[in-house]
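Spelled out from the first residue to the last, the chains are:
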Amino acid sequence: MLSRIRELWTKALLGVLLGAAAGFLAYQAVRLPRPWLFAVCGAFVGLLVVVVVFGYRRSVRLTDITVSVPQFSRLRFAVTRDGQDVAWKLFVEASTRIATQPVADGSGRVREALTSLYSLFAVIRDLLKDSQPSRQGGTDPAVEHLAIAMLNLELRPFLARWHPALHDWEQANKGRPESAWPDDAACRAELADLQKRLVGYVLSFGKLAGLSNAAEVLTAGVPGQSPVRA
């Protein structure tokens, strides 16, 4: 509560200072001897207003959203336009990979699934690194916090266990089919559990991005699969 009050006072003070600066520039402009100088001064004031308004619109709180996420139960987010953009990118990246698409027993290859998850980890990490942090007010978590939790609590432990295990077996058993790997069934079982948890994260990204039908989008085009419950 106190942080939000301080945020409001900070914005009010900033508005007063910017208004005073614009008024001073306008006053100086009318005293300029040449018309083109007046135009230059007016253009500067206009640019200042556009930058301030755009920055405010990017950081302004859109709405409070509560999502259900594995390992965190329910989290309340104050979504901004910056956060909405990041959430949409995360939803697209995660929903179009093996992370949320089931691998049936006896079909597909675990190696391909692990490679896809490893690639997803790198893509999300680079996406977060290259994006500007969401401007947040108060103590509510940002969408980036949810993405980092998915990387560190879900993808990283799974990959740390199974990626080197399969690699070592492949190196020692070149030419043998993957189905001969003694841990194939155990890895597939943990992969299925991981995918179920990742669905919760992905649906949350969709909800934070403003999608009203994230579950339908997630399962679109998957034969025999019912929409995932949000």
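Anything mentioned here points back to the structure above.
Note that the structure is a prediction, hence the values are computed from the model and not measured.

Participant: Can you help me understand the packing of helix α3 (residues 81-95) against helix α5 (residues 143-172) in this one?
Facilitator: Any two packed helices are characterised by the angle at which their axes cross and by the distance between the axes. Their axes nearest at 9 Å, the elements α3 and α5 cross at an angle of 30 degrees. Regarding the angle of α3 to α5, the classification is roughly parallel. Taken together, the residues of α5 that come into contact with α3 (itself represented by Gly83, Val86, Ala87 and Leu90) are Val143, Glu144 and Ala147. Taken together, the residues that form the contact of α3 with α5 break down as 5 nonpolar, 1 polar and 1 charged.

Participant: Can you help me understand the pattern of salt bridges in this one?
Facilitator: Charged atoms that come close allow side chains of opposite charge to pair. Throughout the structure, instances matching the rule amount to 7 salt bridges. With its nearest N and O atoms 3.0 Å apart, the salt bridge here joins Arg97 to Glu93. Judged by its relative accessible area of 23%, Glu93 is partly exposed.

Participant: Would you explain the environment of Ser95 in this entry?
Facilitator: In this structure, Ser95 sits in helix α3. Using a relative accessible area of 13% as the deciding quantity, one classes Ser95 as buried. Separated by 108 residues in sequence, Ser95 and Leu203 place their C-alpha atoms 8.9 Å apart. Only 3.5 Å separates the side chain of Ser95 from the backbone oxygen of Val92, close enough to count as a polar contact.

Participant: Explanation requested: the nonpolar core in the structure shown.
Facilitator: Nonpolar side chains in soluble globular proteins tend to be buried together. Judged by nonpolar contacts, the single largest core of 44 residues is most densely connected at Leu90, Leu117, Ile124, Leu155, Phe158, Phe205 and Leu208. Elements that contribute at least two residues to this core include exactly β1 (61-69), β2 (73-80), α3, α4 (110-130), α5, α6 (184-209) and α7 (214-219). Those residues in contact with Ile124 that sit more than four places away from it in its chain are Leu90, Ala147, Met150 and Leu151.

Participant: What exactly am I supposed to notice about the environment of Leu127 here?
Facilitator: By the element assignment, Leu127 lies in helix α4. With 37 residues separating them in the primary sequence, Leu127 and Leu90 have C-alpha atoms 8.2 Å apart. Look past the residues within four positions of Leu127 in its chain and what remains in contact with it is Val86, Lys89, Leu90 and Glu93.

Basis of the calculations
Residues numbered from 1 in each chain as written. Predicted model: local features only at pLDDT ≥ 70, side-chain atom pairs only at ≥ 80, totals over all residues. Heavy atoms only, no water. Axes fitted to C-alpha atoms, helices over the stretch in contact; angles between N-to-C directions. Helix = DSSP H or I, 4+ residues; strand = E, 2+ residues; numbered from the N terminus. Parallel < 35°, antiparallel > 145°, perpendicular 65-115°, else oblique. Contact = heavy atoms within 4.5 Å. Nonpolar A, V, L, I, M, F, W, Y, C, P; charged D, E, K, R; others polar. Salt bridge = Lys/Arg side-chain N within 4 Å of Asp/Glu carboxyl O. Buried < 20%, exposed > 50% of the residue type's maximum accessible area, 1.4 Å probe, protein only. Polar contact = N/O pair within 3.5 Å; in protein donor to acceptor, adjacent residues only side chain to side chain. Core = buried A, V, L, I, M, F, W, Y, C linked by side-chain atoms within 4.5 Å.

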